[in-house]
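So the chains spell out like this:
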Amino acid sequence: MKMTTKNAIEAAKITKELKNFTLDVENFAIPQGFATALIGENGAGKTTLLNILAGIRLDYKGEITYFGQYSDKQRENSGDIKNRIGYTGPGKYYLPQWTVKDIEEISKLMFDDFSADDFHRYCEELAIFSHGSIDMKKANSSFSDGMKMKLMLAGVMARKTDLLLLDEPASPLDPLMRDKLCQMIGEYIHEGNGKRSVFFSTHNISDMENITDYAIIMENGQIVEQGFVEDLKEKYILIKGDAADTEAAGKVLYSMTKNPYGFEGICLAENIDKLAGLNVTKEIPTLYQISVAVMKNNTKIVMR
Ligand SMILES: Nc1ncnc2c1ncn2[C@@H]1O[C@H](COP(=O)(O)OP(=O)(O)OP(=O)(O)O)[C@@H](O)[C@H]1O
C-alpha cells in the first residue's frame, strides 16, 4: 500500500434519493497527489457523486471535507476554495452562444488565477484550432462534442487549481486526444509535487489506465471497491485454464468468462490455494479486467 496521509477529499455518509435511484456512499477518500478513476456501469451514480463533490448538486446529506480542512459549506462560501477546484463535465458548462473570446473573458472574471496565455497554449496543444491560429470569434455551439470537451479542458487547465473533478473527460475524445489527456493529467499531478489531485469518471478504463493511481468502483449507487491500483493487482489474480478445469475452477473464481478453448477469470488472492491441482496460468490483471470482474459481481443486470 502506498503511504499517504493526506486526502484531497474525504466524504462520509453521502446520500441522495432520486426517482428510482439512491446514492448511498459510506466513506471514501480521494488521495492527494494522485489520479483517481471513478468506474461503474451506466447509471451507477458517478455523475451524481461528481456533481455533489463539485458543488453542482447541493441537495444531499452527508459530510465532505476538502484539502483536509474545509467543509462543503465553506467551499460554497469561499472563493479561495472554489478557485482551487476545477471541474469539467458533460453538461452545458459554457453557453452555446459564447465565443472563445467570451469564454476567456468570463473565465478571467470568475477565477482569480485564470491565465489567458495558458488558455491559448492549451487550445494549441489540444488542437482546438486546426490551422494554427485561434479563431476567438468561434461560438461554442459550432464545436463538435470532442472540441467542446477540449475547450473545457483548456479552460480548466489555464487556472491554478489543486484538484480537478472531470466527469467523463475521455468519452468524446479521439484516441490521440485521450493520449494527450493522459499526458496532461500526468504533468498536472507531477508539477503539483504531491499537492495536486485529479478525480475523473471513465468508461475508457484501458485508455486511462496508465495514469490511474487509485480506483473507485461504483455499482447501483454504492462504492463496491476502492484502492491503489497496485494493491488491487495483488488482491485480484487473472487465471486462464483449459475447458477440462472449467467446472472446478468455477467454484473458486470470483468471476469467469468461458471461451472455446477453456476459461479466463479473476481469483481473489486469498483463494488462490484452492486452485491447486488445476492446470491454470496466473497473471497480473489489468485495471480493466479487475473492474469488469467487480462490476459483474455487483451488477443488478442479469448477465448471460
Ligand atoms: N435529475 C434526476 N432525476 C431523477 N433521476 C436522476 C436524475 N439524475 C440522475 N438520475 C438517475 O440517477 C441514476 C444515476 O445517474 P448518474 O448520471 O449519476 O449515473 P452515471 O454512473 O454517471 O451513468 P453513466 O455512466 O451512464 O453516465 C440513474 O438511474 C439516473 O437515471
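Each value, and the rule that gives it
- Residues numbered from 1 in each chain as written.
- Predicted model: local features only at pLDDT ≥ 70, side-chain atom pairs only at ≥ 80, totals over all residues.
- Heavy atoms only, no water.
- Core = buried A, V, L, I, M, F, W, Y, C linked by side-chain atoms within 4.5 Å.
- Buried < 20%, exposed > 50% of the residue type's maximum accessible area, 1.4 Å probe, protein only.
- Domains from an automatic or database assignment.
- Contact = heavy atoms within 4.5 Å.
- Near = heavy atom within 4 Å.
- Polar contact = N/O pair within 3.5 Å; in protein donor to acceptor, adjacent residues only side chain to side chain.
- Areas by Shrake-Rupley, 256 points an atom, 1.4 Å probe, with all protein chains shown as cover.
- Helix = DSSP H or I, 4+ residues; strand = E, 2+ residues; numbered from the N terminus.
- Phe/Tyr/Trp six-rings, centres within 6.5 Å; stacked < 30°, edge-to-face > 60°.
- Lys NZ or Arg CZ within 6 Å of the ring centre and 35° of its normal.
- Pairing = 2+ DSSP bridges.
- Arc of directions from axis to C-beta.
- Axes fitted to C-alpha atoms, helices over the stretch in contact; angles between N-to-C directions.
- Salt bridge = Lys/Arg side-chain N within 4 Å of Asp/Glu carboxyl O.
- Parallel < 35°, antiparallel > 145°, perpendicular 65-115°, else oblique.
- Left-handed = near helix turned anticlockwise from the far one by under 90°.
- Nonpolar A, V, L, I, M, F, W, Y, C, P; charged D, E, K, R; others polar.

The next subject is the nonpolar core. Membership of the largest hydrophobic core comes to 53 residues, with the highest contact counts inside it found for Ile39, Phe119, Leu151, Ile185, Val198, Phe200 and Met208. Split by domain, this core shows at least three residues from each of two domains, domain 1 (96–156) and domain 2 (232–298). Among all residues touching Phe200, those that are not within four sequence positions of it are Ala35, Thr36, Ala37, Leu38, Leu166, Pro169, Met208, Ile211 and Thr212. Counting 30 residues, the second-largest nonpolar core is a separate cluster that includes Phe28, Ile52, Ile81 and Ile85.

The environment of the ligand is made up of 13 residues, and the closest members are Gly43, Lys46, Thr47, Thr48 and His203. Ala44 places a polar main-chain atom, nitrogen or oxygen, 3.1 Å from an oxygen atom of the ligand. Contact with the protein chains hides 60% of the accessible area of the ligand, taken as 640 Å² for the molecule alone. Sort the elements by how many residues they give to the shell around the ligand and helix α1 (residues 46–54) lands first, with three residues.

Turning next to the packing of aromatic side chains. Under the counting rule described, the total for this entry stands at five aromatic pairs. Relative to Phe228, the ring of Phe34 lies with its centre 5.0 Å away and its plane at 75 degrees, an arrangement referred to as edge-to-face. With Phe34 in the loop between β2 (21–31) and β3 (35–40) and Phe228 in strand β10 (residues 222–228), this residue pair connects regions lying 194 residues apart in the sequence. On the basis of relative accessible area, Phe34 is assigned to the buried category, the value being 15%. Residue class for Phe228 comes out buried when judged on its relative accessible area of 1%. Each residue in the set Phe34, Tyr214 and Phe228 is aromatic and connected to the rest through ring pairs, giving one cluster. Between the NZ or CZ atom of Arg84 and the centre of the ring of Phe67, over which it lies, the distance is 3.8 Å. The ring of Phe111 carries Arg159 above its face, with NZ or CZ at 3.6 Å from the centroid.

What follows is about the environment of Ile14. Checked against the element boundaries, Ile14 lands in strand β1 (residues 7–18). Spatially, the C-alpha atom of Ile14 lies 6.5 Å from that of Glu26, the residues being 12 residues apart in sequence.

On to the sheet that holds strand β4 (residues 61–66). One open sheet accounts for four strands, arranged β2-β1-β4-β5; its pairing is antiparallel. What marks the edges here is a single partner per strand, and that holds for β2 and β5 (70–71). Bridge count for β1 against β4 is five bridges, and the pairing is antiparallel. Pairing of Thr15 across the sheet is with Lys61, part of β4.

Let us now look at helix α4 (residues 100–110). Restricting attention to buried positions, one finds in α4 the residues Val100, Ile103, Glu104 and Ser107. What you see down the axis of α4 is that its buried residues fit within an arc of 100 degrees, all on one side. For α4, the secondary structure elements touched by its buried residues are α5 (116–125) and α6 (145–157).

Domain assignment breaks the protein into domain 1 (96–156) and domain 2 (232–298). Computed from C-alpha atoms alone, the centre-to-centre distance between domain 1 and domain 2 is 46 Å.

To continue, consider the sheet that holds strand β12 (residues 255–259). Two modes of strand pairing occur in sheets, parallel and antiparallel, and in both the strands are linked by backbone hydrogen bonds. A sheet is described by the order of its strands in space; here four strands give the open sequence β12-β13-β11-β14, paired in antiparallel fashion. Of all strands in the sheet, those bounded by a partner on one side alone are β12 and β14 (280–283). On average, each strand axis in the sheet is tilted by 20 degrees relative to the strand beside it, whichever way the strands run. One ladder, built from five bridges, connects β12 with strand β13 (residues 262–268); its direction is antiparallel.

Counted under the stated rule, the structure contains 17 salt bridges. Among the charged side chains, a network of salt bridges with common partners joins Lys101, Glu104, Glu105 and Lys108.

Glancing now at unusual backbone geometry. Phi is positive for Asn193, close to 50 degrees, though the residue is something other than glycine. Residue position: Asn193 is located in the loop between α7 (175–191) and β8 (197–201). Relative accessible area serves as the criterion here: at 69%, Asn193 is assigned to the exposed category. One non-glycine residue with positive phi stands out, namely Asn220, at about 50 degrees. Among the structural elements, Asn220 can be located in the loop between β9 (214–219) and β10. You can call Asn220 partly exposed: its relative accessible area is 41%.

So, on to the packing of α4 against α5. Where α4 contacts α5, the axes come no closer than 10 Å and their chain directions differ by 140 degrees. Considering the angle they form, α4 stands oblique to α5. For the pair α4 and α5, the crossing hand works out as right-handed. Along its contact with α4, which presents Val100, Ile103, Glu104 and Lys108, the element α5 presents Ala116, Phe119 and His120. Split by residue class, the contact of α4 with α5 holds four nonpolar, one polar and two charged.

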